[in-house]
Amino acid sequence: MIEKAVVVGGGTAGWMAAALLSRIAGPRLRIELVESERIGIIGVGEATIPQIRYICDALGIPEHEFLARVNGSYKLGIEFVNWGRNGDSYIHTFGDTGRRLGILDFHQVWLRSRELNLDKEFARYSFNARVAGANKFSPIEKLGNTGIYGIGYAFHFDAALVARLLREVAEKQGVVRTEGIIENVAVNPDNGHVSSLTLQDGRQVSGEIFLDCSGFRGLLIGETLGVEHEDWSHWLPADSAVAVQCENAAELAPYTRATALSAGWQWRIPLQHRIGNGHVYCSDYVSDQDAADMLLANLDAAPTTEPRQLRFRTGKRASFWKKNCIALGLSSGFMEPLESTSIHLVQAGVSRLIDLFPTREFTRRDIDEYNARTHFDYDTIRDFLILHYHANQRDDTEFWRYCANMSIPDSLKDKIELWQGHGRFYRNDLELFTSASWVQVFLGQNIVPRDCHGIAKVLTPQQIEDYMGNIDDYLTKVVAKMPTHAEYIEKNCRYRHET
Ligand SMILES: Cc1cc2nc3c(=O)[nH]c(=O)nc-3n(C[C@H](O)[C@H](O)[C@H](O)COP(=O)(O)OP(=O)(O)OC[C@H]3O[C@@H](n4cnc5c(N)ncnc54)[C@H](O)[C@@H]3O)c2cc1C
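Residues numbered from 1 in each chain as written. Predicted model: local features only at pLDDT ≥ 70, side-chain atom pairs only at ≥ 80, totals over all residues.

A. Local environment of the overall build of the protein chain. Regarding its fold elements, the protein chain presents 15 helices and 21 strands. In summary, the protein chain has a C-alpha radius of gyration of 23 Å against a globular reference of 23 Å for 499 residues, a match within 12%. Its C-alpha atoms give the protein chain principal-axis dimensions of about 75 × 50 × 50 Å. A burial count over the protein chain gives 47% of its 499 residues as buried. Look at the contacts in the protein chain between residues 6 or more apart in sequence, and 76% of them connect residues 24 or more apart. (Helix = DSSP H or I, 4+ residues; strand = E, 2+ residues; numbered from the N terminus. Rg over C-alpha atoms; globule rule 2.2 N^0.38 Å. Buried ≥ 20, exposed ≤ 12 C-beta atoms within 10 Å, placed from the backbone. Contact = placed C-beta atoms within 7 Å.)

Listed below in structure tokens is the structure:
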């Protein structure tokens, strides 16, 4: 059995890994986490997807308690503004839309309504979208026996408070924190395994398994073990961001907003006490100064921090696990924050590592399995992200023209072609985003199939109006009775400062 694990880095990735691993492994596995306050953490990463809720379950922290500790709010989806065309707006929610009609997915009924010129906005039939549009929230799991899906939700939170909470949990579970800058990494010449770290003051930290959570630098996986970074900037061209916080707006929205700008997009993440904002852009098309100016011009209220500049490279590592080192978080790769998938990839990585946790033998086949499954996660999420950029009809700036005309992976091309015919979509194996997500983004970006399913064609205008009208009326009634997002938070999970 492995008795000692070393986590390099104390950002969201490092502390999340330490908290989860110590919870599962208990005192049999000693865990030491090394981080440097002088280097600090990236400090962004405040929007999530619904899988974040498993963290609460896994760590035994009730959701309300978690949100109260991290100044959190609820996220029902992402509103995309100006993506397909300037002036467009659609929401990609975490819930399903409408309800199935026999063998037909709801979107087939909607496509038929469109053919008959009876269509209303697709999101009108999404419970999540209706709740988001009304700035309301309540975690309703099921709408009686209607067959309409309940609310799917994730969280927005303050990244610094999350790191602090995860650290507190991990330390209570026995994780030992070592402060210091790592200056040297020793590798065992016999087997190529990382054996120890030397800190600037000469202290040594040794272990049997090392988790590289050192951020973009990839101190162990890249600098020490030489695992290459596969560059995806030809598909995901953003390479910079500028982030700033501002005062809160009058109404607390239960969704992230992503507004496309001339060479990238701006995020707006509403928390209980402030709004997190950032402009993600490609520096080939806009200068840092102009990017910062555009961000500051688009805030809801006065900024409360200085704009902070960040650089990144989109892509992934050629391997995520090499020898006795597993890269988690930004050291493993980064695909830009558009669909808030990075923290999820940390979670998925840790849970996969727990499934395949090695003995001192480090079985080759297990390592291959870890790598293959993690590549699959990266590649399938990548395709979904590219779709947002590629499927645009903006034509107003060089950046958007590049995205519309760039070559895309064959795997994405196939999905688009299948969809464009008769609105068909198949989710591959365990890929993260469901057909509900893909359908919302396809339609939101104006990729409408040429035809609907043959069986939908027999639906008469009256049948369509009855079926869709029922859903619409029902949702209107349910949403009217729900509390606002702010009221729900005030009652259940208002921020509580803990020292
Ligand atoms: C612009 C932007 C927006 C983002 N938005 C989102 C989002 O909305 N949702 C989402 O899920 N993700 C988002 N992400 C990604 C998210 O921020 C990260 O996945 C997450 O914060 C994890 O980062 P990390 O822990 O890997 O790295 P970091 O936070 O950079 O931590 C690295 C750690 O390594 C330590 N370290 C490094 N070198 C040394 C050394 N030599 N000695 C000692 N310690 C060292 C540092 O001190 C630090 O503790 C975003 C990223 C960017 C760039």
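B. How the structure looks around the sheet that holds strand S9 (residues 194-199). Strand order in the open sheet formed by 3 strands is S8-S9-S10, with antiparallel pairing between adjacent strands. Strands with a single pairing partner mark the edges of an open sheet, and in this sheet they are strand S8 (182-187) and strand S10 (204-206). Neighbouring strand axes in the sheet, compared pairwise and without regard to direction, differ in orientation by 20° on average. Here S8 runs beside S9; their pairing, made up of 5 bridges, is antiparallel. Following the sheet pairing, Val187 is matched in S9 by Val194. (Pairing = 2+ DSSP bridges. Axes fitted to C-alpha atoms, helices over the stretch in contact; angles between N-to-C directions.)

C. Expanded view of the domain arrangement of the protein chain. When its domains are assigned, the protein chain resolves into domain 1 (4-73 + 157-231 + 314-379) and domain 2 (101-145 + 392-480). Each of domain 1 and domain 2 has a C-alpha centre, and the two are 36 Å apart. (Domains from an automatic or database assignment.)

D. Region of the structure containing the sheet that holds strand S4 (residues 77-81). The mixed open sheet is built from 7 strands, whose spatial order is S5-S4-S14-S15-S16-S13-S17. Two strands bound the open sheet, and with one partner strand each, they are strand S5 (89-93) and strand S17 (308-311). Taken over all neighbouring pairs, the strand axes of this sheet differ in orientation by 20° on average, direction set aside. Looking at chain direction, strand S15 (residues 264-270) and strand S16 (residues 275-281) are connected through 7 bridges and run antiparallel. Counterpart to Arg268 in the pairing with S16 is Asn277. In this fold helix H8 (residues 288-297) packs onto strand S13 (240-246), strand S14 (256-261), S15, S16 and S17, with an angle of close to 30° to the strand it touches most, S13. Contacting S4 and S5, helix H13 (residues 435-444) crosses the sheet at an angle of about 175° to S5.

E. Spatial organisation of the packing of helix H1 (residues 12-25) against helix H9 (residues 342-355). Packing of H1 against H9 brings their axes to within 10 Å, and their N-to-C directions diverge by 30°. Considering only the axes of H1 and H9, their crossing is right-handed. For the pair H1 and H9, contact is made by Thr12, Ala13, Met16, Ala17, Leu20, Leu21 and Ile24 and by Ile343, Val346, Gln347, Val350 and Ile354, respectively. Each residue belonging to the contact of H1 with H9 can be placed in one class, and the counts come to 10 nonpolar, 2 polar and no charged. (Left-handed = near helix turned anticlockwise from the far one by under 90°. Nonpolar A, V, L, I, M, F, W, Y, C, P; charged D, E, K, R; others polar.)

F. Broad picture of the site of the ligand. Around the ligand there are 37 residues in total, and Gly9, Gly11, Gly45, Gly215 and Gly329 lie nearest to it. Among the secondary structure elements, those contributing two or more residues to the shell around the ligand are H1, strand S2 (30-35), S16 and H9. Per-element accounting of the shell around the ligand gives the leading share, 3 residues, to H1. Considered class by class, the residues forming the shell around the ligand number 18 nonpolar, 16 polar and 3 charged. (Near = placed C-beta within 6 Å.)

G. Up close: the nonpolar core. Ranked by size, the top nonpolar core spans 139 residues in total, and within it Val7, Val8, Ala17 and Ala18 carry the most contacts. Structurally, this core is a two-domain feature, drawing no fewer than three residues from each of domain 1 (4-73 + 157-231 + 314-379) and domain 2 (101-145 + 392-480). When sequence neighbours within four positions are dropped, the list of residues in contact with Val7 reads Gly14, Ala17, Ala18, Ile31, Leu33, Leu211 and Cys213. (Core = buried A, V, L, I, M, F, W, Y, C linked by C-beta atoms within 7 Å.)

H. Up close: the environment of Arg313. Here Arg313 is to be found in the loop between S17 and strand S18 (315-317). On the neighbour-count criterion, Arg313 (13 C-beta atoms within 10 Å) is partly exposed. Once the C-alpha coordinates of Arg313 and Ala249 are considered, the two residues, 64 residues apart in sequence, prove to be 32 Å apart. Look past the residues within four positions of Arg313 in its chain and what remains in contact with it is His229, Asp231, Ser233 and Asp239.

I. The pairing of strand S1 (residues 4-8), seen in detail. By the criterion of burial, S1 is predominantly enclosed, with 4 of the 5 residues buried. Where S1 lies against S2, 5 bridges are found, and the strand directions are parallel. The residue of S2 that forms the bridge with Val7 is Leu33. In terms of handedness, the path from S1 via H1 over to S2 forms a crossover that is right-handed. Two elements, S1 and strand S11 (residues 209-212), share 4 bridges in a ladder whose sense is parallel. Residue pairing across strands places Val6 opposite Phe210, the latter belonging to S11. (Right-handed = clockwise from strand over helix to strand, strands pointing away.)

J. Region of the structure containing helix H14 (residues 461-480). Between its terminal C-alpha atoms H14 stretches 28 Å, which fits the 28 Å expected from 20 residues at 1.5 Å a residue. Among the structural elements, helix H4 (106-115) and helix H5 (127-133) are those in contact with the buried residues of H14. (Expected span 1.5 Å × (residues − 1).)

K. The environment of Asp190, seen in detail. Relative to the elements of secondary structure, Asp190 occurs in the loop between S8 and S9. When the C-alpha positions of Asp190 and Ser113 are compared, they lie 68 Å apart, and in sequence the two are 77 residues distant.

L. Here's a closer look at the packing of H4 against H14. Two elements in contact, H4 and H14, have axes whose closest approach is 10 Å; the angle formed by their N-to-C orientations is 130°. Taken together, the axis directions place H4 and H14 in an arrangement best described as oblique. Crossing angle aside, the handedness with which H4 passes H14 is left-handed. Residues Val109, Arg112 and Ser113 of H4 form the contact with H14, whose own contacting residues are Ile464, Tyr467 and Met468. Its residues assigned to classes, the contact of H4 with H14 shows 4 nonpolar, 1 polar and 1 charged. (Parallel < 35°, antiparallel > 145°, perpendicular 65-115°, else oblique.)

M. How the structure looks around the environment of Met335. Tracing the backbone shows Met335 in the loop between strand S21 (333-334) and H9. Taking the number of C-beta atoms within 10 Å as the measure of exposure, Met335 has 23 and is therefore buried. C-alpha of Met335 to C-alpha of His64: the two residues are 271 residues apart in sequence and 30 Å apart in space. Setting aside anything within four residues of it in sequence, one finds Met335 in contact with Leu236, Thr314, Thr341, Ile381, Arg382 and Leu385.

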